[in-house]
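# Structure at a glance
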Amino acid sequence: MYLLFLLLLVLRISKGLHLAGTDQSYAQFSKWYISVNSSLELEFRTVSKEGLLLYTDDGGYYDFLEVKLVEERLRVRFNLGGGAETLNIGESLADGAWHTLKLTFLGSLTSLALDNHIASRISKGKEFYLGNFTTNSYLYIGGLPPWYKKQLANLALPSVVFEPRYSGEVRNLIYAGDQFGRPRNQDMMAYKDVRLTSQDHCRLKNPCLNSGLCLSTDQGSVCNCRGTRFTGIFCEKGLPDDELSVWGNGYLALDLGRVGHLSPPLLAEQDNITLSFKTEAKDGIIFFSAYSGDYMSLYLSKGEIRLDLRIGTGRLKTGVSKKRFNDNEWHTVIIHRRAVKLTRTLYNCKVTLEVDRTHRERWTSPGIYNLLASTYVYVGGVPDKLTHVHYRPHNYANILPSANFIGCIKNVELRADSVHIYLIQLGKEENSLVSANGQLEFKCNAHFAREIQHDVLLTRFYDETSSGAVTFTRPQAFLRIPGFGDERHSQISLRIRTLEHNGILLYSPGQGGHFFGIEEFASHLYLHYNLGTGHVKMRISGSRVDDGQWHLLQMTRRGGEGNISLDSQSQTFKIPGNQRDLKLMEYMYLAGLPPFQVPHPPQVWSASLGLGFVGCVRDLIIQGFPVQLNELAEEQDSGSVKPSCNTPKRSCKETSCEHLGVCLEGWHRYSCDCTNTGYTGPSCNRESSTIQMTGYEDMKVLASAQSDIEADDISVRFRTVEPSGVIFSTSDDWSSDRLEIALSRGGLVLTVRMDGHESVMLSGFGLDNGNWHTVHVVRHGRQVLLEIDGASQRSETLMSSTPILKRARYSIGSGIASSQSYPNFSGSIQQVIVNGRNLVELERNQLLSNSELTARFKLNIEVPFHPITFASEQSFLGLPQLKTYYDLNIRFMFKTKERYGLLLYNGGKHSDFIVLELMDGHVHLLLSIDRKSVELKDNNPISVSDNQWHTLTISRIDLDTVVLSLDDSSSRVETGLSNSSLQLDGLLFLGGVRAEMFPELPAGVFSKNGFKGCLASLEFAGETVEALESAVLPSSDINQGCEEERVECRDDTCGNLGTCRSRPTPTKICNCDLTSFTGPKCLDESVSFEWREKTGLIKYEYTIGRFERMDGDVFALGLITPLPDSVILRIDHKNDNTYLELTLADGKVVVTFYSEKKEIVVRENSQKVNDGKYHVVRFSKIDNHALLQVDDYQVKSVVPTTATRRNPGGAVKLQIGGKWNQLLGQVQRPFQGVLAGIVYNGVRPLDLVKQRKGGAVLMGDVRLLKQIPFNYRERNLDLFERMQQTDSSSAPGVQDDIIIPKCTSRRKNLNSKCYQYSGSGDELITPVYNSPRLEVSTTWTHPCLDDEDCWQMVAEGSGVNVEQETTTIHPYISATFSTFEEATYPESTEYHYETYSPIYPSLYYTTPQGGRMEESPPGGGRSSYENYDQKYNIYESPEEMDPETNPRERVKVTNLTGTLLVIGIICVVLSAVILIIVIVMKMRTNTDSVAKVPESKTFLPEETDANVFAAKPVKTNSSKPVKEWYV
């Protein structure tokens, strides 16, 4: 056994690719870019002495590389143009152990490292790279493809095809796969007779982040973070910036001659220099490198970036002009050089200079040289005299500025092919290769105050002048300013400053199509004019305006001609036609437009995308008169338009965007691109809403008033395993225009049809692999860009006569029917964003006014984001004013136990204000807009004071509608204020106000104190709010995180007969298992279902683990029913074939269970429950003690003489609402009515059905209810009229009407027309059954099997010191309920008892949420009924079901075959024979049956009372006697 264990241990060693070594085995990988600085690594192990391990060449010319095993030694043979050379290393390599091979080409030096041994050789010739990367072959492991044997001319070493193939394993193959890439772990492209073993950890799951290199070891995967700016086990921790302060007389020097054991200089085919700097100095050397007469110099000259380089005989001197970079802001510079061979001696040096990822220039400098070379590198300056000891001296004085750099430099990285050097990091570590000279500091300590002081003075100057400067902080902000006022003459000038790329700057509508506007799109300005003769759109200049600098814009028009200039660039324009008058409104909009300003000209693309200008505006002059921008901002939208204009700081932080969202810098703000993630929100912090479709559903949304659009930005995220289906489409009612995104055979098909011209674009493949994919479509007129998963792109120009795409509606998951139409989509869809509107999220929050959804949403559980705790009712925060004007967007999560408290308050101008508060456990919104009050309350059926997290959303849609969404419910109100804005002013108070402010709050506010609890996920105006960081008025009583309070549970804490837990928590205070209610205090209604007239059934099947046995059965439920006879609940234990069944017999509750080969019956005879009222049934059977209680009536107890068997582990099947007959294919004794709060041994099957968990199946005519209909009888009087004909008055002389049935039905499914009336007296008499109400004292045995539910114990521990508790049950007082209506949600009804303890506490066998109870049984949770029609196994969305629609037909199988009929006849004959035999035997054994009566009397009740329990045999279909216990 020990040897076997060792053998198994050896087999579990980590493996990689296993090559069989057959005549056809090989593995193909991407090309290896071999240059003067290249390396390859791999690990291998084998037991074969010979074999070809690796091969690549230049495509059949001269150069090749071959690695093979020869007599257990490794031999490397290569030719790089100077002739073939060989290296040998190692011995006894066929030992079955892993060996590490590393092959390195460094100029003329070739080195081979095998484990701890190194061999090297100086290569011949002048070229140090293999062939041409374009024509080189792929890299092959283990052998070559068989077809090479017929194409030997394609091999530089033809004899390689005769080499024996490698048999063994290979892993961690690492090299650079292209000329720009870093070395990485390569993926196999093609193979034959290769298997991927299960122990290659990196291929199974790569845990390395941020381009970290994954290495597979015997101990698992290990991340190598080399070449990245990250560290940590998974390269998950970003390294801090490497910063350097230079003061003009210092510099950092690096001697490259000693890097990597290289002889100087460092040679490379290509190199990259990346760095960032900030300064206020106009001149200074930033970076300099040189070798002999070659050099490269990056410096500032008069604030402009200059680049000067010389290679061989070629020289290039250029830079970025007309732009100043000495603004004391960080700027990033990237220089890329690449040597391209033209002839044997002539090369081209292709140079790319990029600054701030916006300024990009490319040049080519020819020259006679071999490779790029460097000896020394200087950062921040150079020595006074640049001379070199080892090379001829060269005078660089004429090519360098006189001054060194003054300012800060950070993150200087030099890449020369595969060599990566971080210069400042080496300097901080005091590496011997780096020397620090002069005055340096390894951090940015830039006290350059002149630029900052200049900004402050400039801002103050503009604030004090007549025009002033304002900042528009969000795209929805705008100001209404005066118009031109002259139809023939227009003149306007202003200065703008921004970092953002798109937005409306000026917008002036007119009459008859007349229009004037200026927009920023793609970082450039565009002028729009329309004098009624056609729309004119022109680009103002070639200069970008998103550089953060002030730009002067001036425009003058006289008639149909004009002049417009941006800074110093001016151009004229002429409007076609003879029209000279521009008929505009008397006003125009600055930086945006109100939402009611639709439709807009489709040529204004920023308006189509809903984007306003975000940035600064000053010096606005219209028709020669300055405009008081500060005063207008104060009068209109003071929350979103701020006075002054400050230089923005970097807004994006590492934690700004969650879940790998991409942070985008803006003007004093950031935004997160979440389209390639499964999350949404301003910070990608909450899980996206997901629509699940089966191919028969879709979602349709009517387009807004703007139906003609020239620009679209659409993104959709989907997941499917179906190869074809329509994902998204648009359609129009009056034209054939459409845009359709669909899958066809796993590839993406984009179809765009405009004005009768249709274009089709294909892209991607394998998108039906069950993974999430993101499609992004950008259309600018006729130009379309298609992107998949942020990588593959394809663009095309549409062949259409117009750039306008008309649409009337959007469809998700379906398209329009055509000859080439695709099927509906089957799978999951999320993140459907159309021109800035997330349609799926809006539909989930019920914020779409014209939409239709037939699919269903996946259940999402939102996680609180950045929670804070308000510890007392006096605590509050003062935040900046809420940003709202015509729009209103508030979203947050809250959690509290208090029923009253002020959530937020913001006062306003005139009488405007907004208040959110808790009022009696519900959310109350109070708005005042333009002196009109708007009041709205939530529609949630339960109180929010349950210490659970709730999500609240307040939105203003369609201008005159306010929507309040709380969790899954919503309410709305029409304001009638479509053209009125909410003008707030002052601080936004969060969680309360100052104590003296409460009496001064507006009328209608009920709060007298602040909010006490937790708030999280704060989002105001579409922005994430960090309340503690942005607070203007902070508070020490408010802490980060959500702090739970210690919960105390008293006798009156739990409602509806719930009991206190021994260790209550805020979410689990009371044990509600035997109440039929739920919630922390058993005050909330449980999940309820209604079984309607046509048959239905719910079943749930699960498995109890081997060590999770139960000691009995405990269940409770609430019911309302009109039927006197039905099966309510059936429980089958498959391991020992025992069962338990709850039924109604003559309207009375009966529980039957099987024990010790006998059926035991417990009956409640004192009360009928088919009276239309809500009744609670409780039952427990533990060991030899069975208890039954209905409402608070006397408990029925049965104690058989022999203990019942404990339930073993194994499968348990629950049937609710009837009992399925497999043979007949129908439900026997079906239930009709309402069942709620079913709990069986801690399992809540109705909750699992609602959540669509595995193992839970709903069939037939059953629907989910929003709340328990306590007025069920009033709503279904006809059902109870049918039942009343069974009883008549028993008093003599009473002339009751006798009801005689005229028609019959197996289900008594009749109405009043089925009866005829005879006799005299009242038309209908309803008998009332008044059973005695007894106040008794019953002793209950409480087995404290778990200290969680036992709150009176001598000692803690499971099953220790079991106590007995005496419980007094008082008479039940019936409650009266109001009429039930679908649209109203009354408070949860509570049973009123004086004192009560449950019939039984929970068993020690409990079921946590998300545990095994959610696991699917065999069959994946589908129905196991073979004869059941599968059309009933469909979940219905209860919110979408119409109560008046025809429900599903009754479950019944009608296609029994003739074979079954023959079998039935045979069974009848056999039954008759058996019956005769039984009768004969019965006659012979009559005395035996008499003897059984005394035996049944040995079953004694638990207590002796006036009501004596007796056993009575009853009839049964089984041969086993049935014991019926009755009072």
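Look above for the structure.
Bear in mind that the values here come from a model prediction, so they are computed numbers and not experimental data.

## Let's talk about the overall build of the protein chain
Helices and strands together make up the secondary structure of the protein chain, namely 13 helices and 109 strands. Looking at the protein chain alone, contacts between residues at least 24 apart form 68% of all its contacts between residues at least 6 apart. If you sum the accessible surface of the protein chain, you get close to 69,400 Å²; carbon and sulfur atoms cover 50% of it.

## Digging into the sheet that holds strand 59 (residues 725–731)
Taken in spatial order, the seven strands line up as 62-61-60-59-67-56-70 in an open sheet, and their pairing is antiparallel. Every interior strand has two partners, whereas the edge strands, strand 62 (757–763) and strand 70 (851–853), have only one. Strand after strand, the sheet turns through a mean of 10° between neighbouring axes, direction not considered. Sheet topology note: the strand 56 (residues 699–702)/strand 70 ladder contains three bridges and is antiparallel. Residue pairing in the sheet places Lys-700 in a bridge with Glu-852 of strand 70.

## As for the sheet that holds strand 73 (residues 877–879)
Across the sheet, which stays open at both edges, the six strands sit in the order 73-82-75-76-77-78 with antiparallel pairing between neighbours. Lying at the two open borders of the sheet, with one neighbouring strand each, are strand 73 and strand 78 (932–937). Neighbour to neighbour, the strand axes of the sheet diverge by 15° on average, direction disregarded. In this sheet, strand 82 (residues 984–990) lies alongside strand 75 (residues 901–908) in antiparallel orientation, the contact comprising four bridges. Counterpart to Leu-904 in the pairing with strand 82 is Leu-990.

## Quick look at a nonpolar patch on the surface
Where nonpolar side chains cluster on the molecular surface, the patch consists of Ile-1465, Val-1469, Val-1473, Ile-1477 and Met-1481 and spans about 460 Å² of accessible area. Relative to the elements of secondary structure, Val-1473 occurs in helix 12 (residues 1458–1484).

## Some points on unusual backbone geometry
The phi torsion at Ser-644 lies on the positive side, around 75°, for a residue other than glycine. Positionally, Ser-644 belongs in the loop between strand 50 (641–643) and strand 51 (662–665). At Leu-660, a residue that is not glycine, the phi angle is positive and equals roughly 65°. By secondary structure assignment, the location of Leu-660 is in the loop between strand 50 and strand 51. On the basis of relative accessibility, which here comes to 78%, the residue Leu-660 falls in the exposed class.

## Overview of the side chain of Arg-717
If you trace the backbone, Arg-717 turns up in strand 58 (residues 711–719). Buried charge without a partner: Arg-717 forms no salt bridge, and the closest opposite charge is Asp-789, 6.0 Å away. At 3.4 Å, the side chain of Arg-717 and the side chain of Thr-774 are in polar contact. In this view, Arg-717 contacts Thr-675, Asn-676, Thr-677, Gly-678, Trp-772, His-773, Thr-774, Ser-828, Ile-829, Gln-830 and Gln-831; residues no more than four positions away in its chain are not counted.

Conventions used here
- Residues numbered from 1 in each chain as written.
- Predicted model: local features only at pLDDT ≥ 70, side-chain atom pairs only at ≥ 80, totals over all residues.
- Heavy atoms only, no water.
- Helix = DSSP H or I, 4+ residues; strand = E, 2+ residues; numbered from the N terminus.
- Contact = heavy atoms within 4.5 Å.
- Areas by Shrake-Rupley, 256 points an atom, 1.4 Å probe, with all protein chains shown as cover.
- Pairing = 2+ DSSP bridges.
- Axes fitted to C-alpha atoms, helices over the stretch in contact; angles between N-to-C directions.
- Patch = residues over 30% accessible without salt bridge, like charges linked within 9 Å, V, L, I, M, F, W, Y side chains within 5 Å.
- Salt bridge = Lys/Arg side-chain N within 4 Å of Asp/Glu carboxyl O.
- Buried < 20%, exposed > 50% of the residue type's maximum accessible area, 1.4 Å probe, protein only.
- Lys, Arg positive; Asp, Glu negative; His and termini not counted.
- Polar contact = N/O pair within 3.5 Å; in protein donor to acceptor, adjacent residues only side chain to side chain.

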